[in-house]
Amino acid sequence: MADYNAMELMICIAARELEDGATVGVGTGAPCAAAMLSQKTCSPNLLIMFEAGGVAPLLPEMPISVGDSRTTWKAVMASGMCEIMETACRGMLDYTFLGGAQIDMYGNLNSTRVGDNHQKPKVRLPGSGGANDFASFAWRMMVMTPQDTKRFVERCSFVTTPGWIKGGDSRAKCGLPLEAGPYKIITNMAVMDFEPESKRMRIISINHGYSEKDIQDNCGFELLKAPKIVETPPPTAEELRILREEVDPLKLIIGR
Amino acid sequence: MEVIAQGGGPLFMETDADKARKFFRLKKRSLVNKLMPLQEAVAQFVHDGDYLGIGGFGANRTPTAACHEIVRQGRKNLIFCGHTSTHDYQILAAGEAFNRCDIAYIIGMEIRGLSPNARRYSESGKVQFCEWTNYALALRLKAAAMGVSYLPGRNVLGTDTFKRSAAKAARCPFSGKLYCLYPALWPDVSVIHVHEADIYGNARFKGISICDLELARASKRLIITCERLIHNEEIRRDPSATLIPYFLADAVCEVPYGAYPGNMVGEYFSDEDHLKLWMESEKDPERFKKFLDTYIYGVKDFVGYLDLCGGMKRMTQLRAEEYMFEQPS
């Protein structure tokens, strides 16, 4: 195995997905690290937005909160939630990164509860926050998550945040903005996208050291396979150096 | 308009814009001195059973001092607006101050993890929940601020969040597309922490506004806590800086470091060690009870809390941290 951990791998893969000049709505943690790495490598003009109001900061260090003062450090604007979400709904948010306790084959996410009793849940989780909003509006929603059968499930106990809903054209039929939706799922084992007709998750590239069987064995539903499956290019030495020295020197994210 | 679907969650508040107008018609507009101690403001304006809104985002520019005072005075049966809430929810859950909650984000402390006690309280069955999202609640407050009974949005549709909300889905009479409709939300009372205010309640803050401009305008009663008082002449010297005009405010309380241990942009950074102590103490209910007895119930006011947390020495460190200055060891 090369000298990087799963989190570093996912952040490096994610950073490459963000092209120069695009807009991305991020939360704290790994998504923010990916956006920062992207700015320092392939996309110097990546425009980062935070749901609390920060627009295009020059992040000096990893924010602890989506609304802390780092999110407006040398920013072009300190706005508010409506400004950010209206911009996204208007069609000017290209990407967002989200996560959750569970994800299904259509990229629907659960961050609300485990178990079926809503008023007295087995496990209560934070809820949507801005996740449902970003996932509804962003042209391309991506997820970075470790892969196992507990997270990749046949059915989420609760759909907090919309993916492709029930596949096909079901998402558009719900009234969600057209053509927007889940784009790529980046895990420690593989990168998945969604088959264009059925909108079911499918393997498009495999991370070094894993097999198709590993990926399927660690997924609670049947994964489709792209016509051509490639090996994911591993992180470069330069990406890892920047990630470790400049993006997250305190190892708040990558140290876990 | 044709309603296609509706969520089954509880709607905690009236949505009649004319009833709200009647209230606002009688709300005092006079330019009078509203300066008072925080204890008095909470005693006078936050009542058992009220719908409570709290400004800020997570632990940033959050009126922590007011949350402590609400718990210290033993308010109960509140309905809490769980909008972008982290440490505020944690404090109010510690006091079991609310039993109903509109949820967008609760329990979580963002990158810091989940609050064990807030989670226990939220899983206890003692709290009635209605699900929303951050932007959905922002739209509800915006509708109230506009004086209309709902606003449309294109989020939440197609999810269980919708099913557990009190939103409705309806067809747009112009385009024929489906929209999610959010009922207006007029909180009984809200608290917003700002950098500067005058004694009448003209207030201004730096940095992101989150949802505070909408919250201030939607709320029937408003308590402003500020880092420092400024003269009304200073407000009039630069009217473009005013974000909340005096006629929205019912009380003004000067509470320096009033967002501690949270972050106040341009003033002080969050005290991560102390926030960790909260989370650590919460793991064991007995230990947490002692923690609360010391830090909230055992002090007279927020100054007492700040003293327990290291006083001015600690505040000075956090001021340097805000600007990422090198600190002498």
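In this report, the structure presented in the accompanying data block is examined.

The rules behind each value
- Residues numbered from 1 in each chain as written.
- Chains lettered and ligands numbered in written order.
- Predicted model: local features only at pLDDT ≥ 70, side-chain atom pairs only at ≥ 80, totals over all residues.
- Heavy atoms only, no water.
- Helix = DSSP H or I, 4+ residues; strand = E, 2+ residues; numbered from the N terminus.
- Rg over C-alpha atoms; globule rule 2.2 N^0.38 Å.
- Buried < 20%, exposed > 50% of the residue type's maximum accessible area, 1.4 Å probe, protein only.
- Contact = heavy atoms within 4.5 Å.
- Areas by Shrake-Rupley, 256 points an atom, 1.4 Å probe, with all protein chains shown as cover.
- Polar contact = N/O pair within 3.5 Å; in protein donor to acceptor, adjacent residues only side chain to side chain.
- Core = buried A, V, L, I, M, F, W, Y, C linked by side-chain atoms within 4.5 Å.
- Salt bridge = Lys/Arg side-chain N within 4 Å of Asp/Glu carboxyl O.

## Digging into the overall build of chain B
- In terms of regular secondary structure, chain B is built from 13 helices and 12 strands.
- Relative to its length of 329 residues, chain B is compact, with a C-alpha radius of gyration of 20 Å against a globular reference of 20 Å.
- Reported as C-alpha extents along the three principal axes, the dimensions of chain B are approximately 65 × 50 × 40 Å.
- When the 329 residues of chain B are sorted by exposure, 61% land in the buried category.
- The long-range share in chain B, meaning contacts at least 24 apart out of those at least 6 apart in sequence, stands at 76%.
- Just so you have it, chain B exposes about 12800 Å², and 53% of that area is on carbon and sulfur atoms.

## Thoughts on the side chain of Asp212(B)
Residue and element names in this part refer to chain B.
- On the secondary structure map, Asp212 appears in helix H8 (residues 212-218).
- One polar contact links Asp212 to Arg61, side chain to side chain, over a distance of 2.9 Å.
- In contact with Asp212, other than residues within four places in its own chain, are Gly55, Gly56, Arg61, Ile192 and Phe205.

## Observations regarding the nonpolar core
- Judged by nonpolar contacts, the single largest core of 107 residues is most densely connected at Ile11(A), Val24(A), Phe97(A) and Met144(A).
- At 8 residues, helix H6 (residues 134-146) of chain B tops the list of elements feeding residues into this core.
- Leaving out residues up to four positions away in the same chain, Phe97(A) has contacts with Ala14(A), Leu18(A), Val24(A), Gly25(A), Val26(A), Pro31(A), Ala34(A), Met142(A) and Met144(A).
- Core analysis: the second largest hydrophobic core is formed by 54 residues, Ile54(B), Val127(B), Phe291(B) and Tyr305(B) among them.

## Brief notes about the pattern of salt bridges
- Overall, the coordinates contain 37 salt bridges over all chains when judged by the stated rule.
- Between Glu245(A) and Arg241(A) there is a salt bridge, and its shortest N-O distance comes to 3.1 Å. Taken as a pair, Glu245(A) and Arg241(A) lie in helix H7 (residues 237-247) at a separation of 4 residues, close to a single helical turn.
- On the basis of relative accessibility, which here comes to 31%, the residue Arg241(A) falls in the partly exposed class.
- For Glu234(B), the salt bridge identified is with Arg204(B), shortest N-O distance 2.7 Å. Taken as a pair, Glu234(B) in helix H9 (residues 232-237) and Arg204(B) in strand S10 (residues 203-204) lie far apart in primary sequence, 30 residues in all.
- Three or more residues are tied together by salt bridges with common partners; here these are Glu196(B), Arg204(B), Arg228(B), Glu234(B), Arg237(B), Glu267(B) and Arg319(B).

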